[in-house]
Amino acid sequence: MSRSIPPYIIEQPQSGIQLDIIKQAFLIAGHQVKQVVFTSNLRAERLMEKLTVDAIVNAPITNKNFYLSEPVIFYLNTAITLKARALPLNHVAQLSQYKVMAFKNAINSLGEDYTKAISRSELYTEVANQHAQLERLYRGQVDVIIIDKRIFAYLNQTRMPAGQQLPEVSFHDILPISPRLLGFHNEQLRNQFNHGLKKLKNQQPQLFK
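The text that follows walks through the structure, step by step, so that each part is easy to find. (Residues numbered from 1 in each chain as written. Predicted model: local features only at pLDDT ≥ 70, side-chain atom pairs only at ≥ 80, totals over all residues. Heavy atoms only, no water.)

### Focus on the pairing of strand 5 (residues 99-103)
Here comes step 1: With 4 of its 5 residues buried, strand 5 lies for the most part within the structure.
Here comes step 2: Examined bridge by bridge, strand 5 and strand 6 (residues 123-127) share 5 bridges and lie parallel to one another. Note that in strand 6 the partner of Phe-103 across the bridge is Val-127.
Here comes step 3: Handedness of the crossover joining strand 5 and strand 6 through helix 3 (residues 112-119) is recorded here as right-handed.
Here comes step 4: Judged from the 3 bridges that link them, strand 5 and strand 7 (residues 144-148) form a sheet pairing that is parallel. Pairing of Val-100 across the sheet is with Val-144, part of strand 7. (Buried < 20%, exposed > 50% of the residue type's maximum accessible area, 1.4 Å probe, protein only. Helix = DSSP H or I, 4+ residues; strand = E, 2+ residues; numbered from the N terminus. Pairing = 2+ DSSP bridges. Right-handed = clockwise from strand over helix to strand, strands pointing away.)

If you want it as structure tokens, here you go:
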């Protein structure tokens, strides 16, 4: 899997919402995760092709070389603005009116309407460091940030000054959510994982909210 994406994947100590679900689903299926390799997405795919690892996390949905699992979890993409500014943002096309900062590779994962909108935006940037998104939003340097809701909540909590409150924000749910799958080179193992995942959803549905 890729490196830390808190709160979904936390490299140390190997945990997080998504990683914990994966480990538990494997256990229910009769398998134990013995090793987690943190690396780039490209290298993860190469390790899979060489059969060095049994599965990769956040496998590309378009990859036809892997057996893909059912969605482990959905990333909740949203557009966020400062509430005090009361910016109208009810449709993805309206992003063209604003200065927008998004997560890395958002342009490749949020659909054609999104791509068209931000192509006409006054300013559009993508960053790997998502702390920078919150900083630019609160400073008024961008109008809109494109980020996952759980990631925003996690980062916002970590930057909360003692005894102070951060500005209120508005969430604009105009973007598609993103399913996150595992990719396998073994169809039987994929099927076993899916079975474990289904049982886990039935036993502990609160994990997936």
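### Quick notes on empty space enclosed by the protein
Here comes step 1: This model, assessed by the stated rule, comprises 1 cavity of 30 Å³ or more.
Here comes step 2: Of all the elements, helix 2 (residues 41-49) adds the most residues to the lining of the largest cavity, at 3 residues.
Here comes step 3: Among the residues making up the lining of the largest cavity, the classes are represented as 5 nonpolar, 3 polar and 1 charged. (1 Å grid on protein atoms, 1.4 Å probe; cavity = no way out; pocket = protein on both sides within 12 Å on 5 of 7 lines; lining within 4 Å. Points joined across faces, edges and corners; volume = space filled by probe spheres on them. Nonpolar A, V, L, I, M, F, W, Y, C, P; charged D, E, K, R; others polar.)

### A short note on the sheet that holds strand 6
Here comes step 1: Spatial strand order, 6-5-7-4-8: 5 strands in an open sheet with mixed pairing. Edge positions in the open sheet fall to strand 6 and strand 8 (169-172), since each of these has one partner strand only. Shown here is a sheet whose adjacent strand axes are inclined to one another by a mean of 25°, direction ignored.
Here comes step 2: Sheet strands in contact with helix 5 (residues 149-158) are strand 4 (77-82), strand 7 and strand 8, and its direction is about 105° off that of strand 7. (Axes fitted to C-alpha atoms, helices over the stretch in contact; angles between N-to-C directions. Contact = heavy atoms within 4.5 Å.)

### Examining the packing of aromatic side chains
Here comes step 1: A full pass over the atoms with the stated rule returns 6 aromatic pairs.
Here comes step 2: The interplanar angle of 20° and the centroid separation of 3.9 Å between the aromatic rings of Tyr-8 and Tyr-75 together place this pair among those described as stacked. Residue Tyr-8 is located in the segment before helix 1 (17-28), and its partner Tyr-75 is located in strand 3 (residues 73-75); the two are separated by 67 residues in the primary sequence.
Here comes step 3: Its relative accessible area of 0% is what places Tyr-8 among the buried residues.
Here comes step 4: Note on Tyr-75: relative accessible area 5%, which makes it buried.
Here comes step 5: Seen in terms of ring centroids, Phe-152 and Phe-171 are 5.8 Å apart; in terms of plane orientation they differ by 85°. Their pairing is edge-to-face. (Phe/Tyr/Trp six-rings, centres within 6.5 Å; stacked < 30°, edge-to-face > 60°.)

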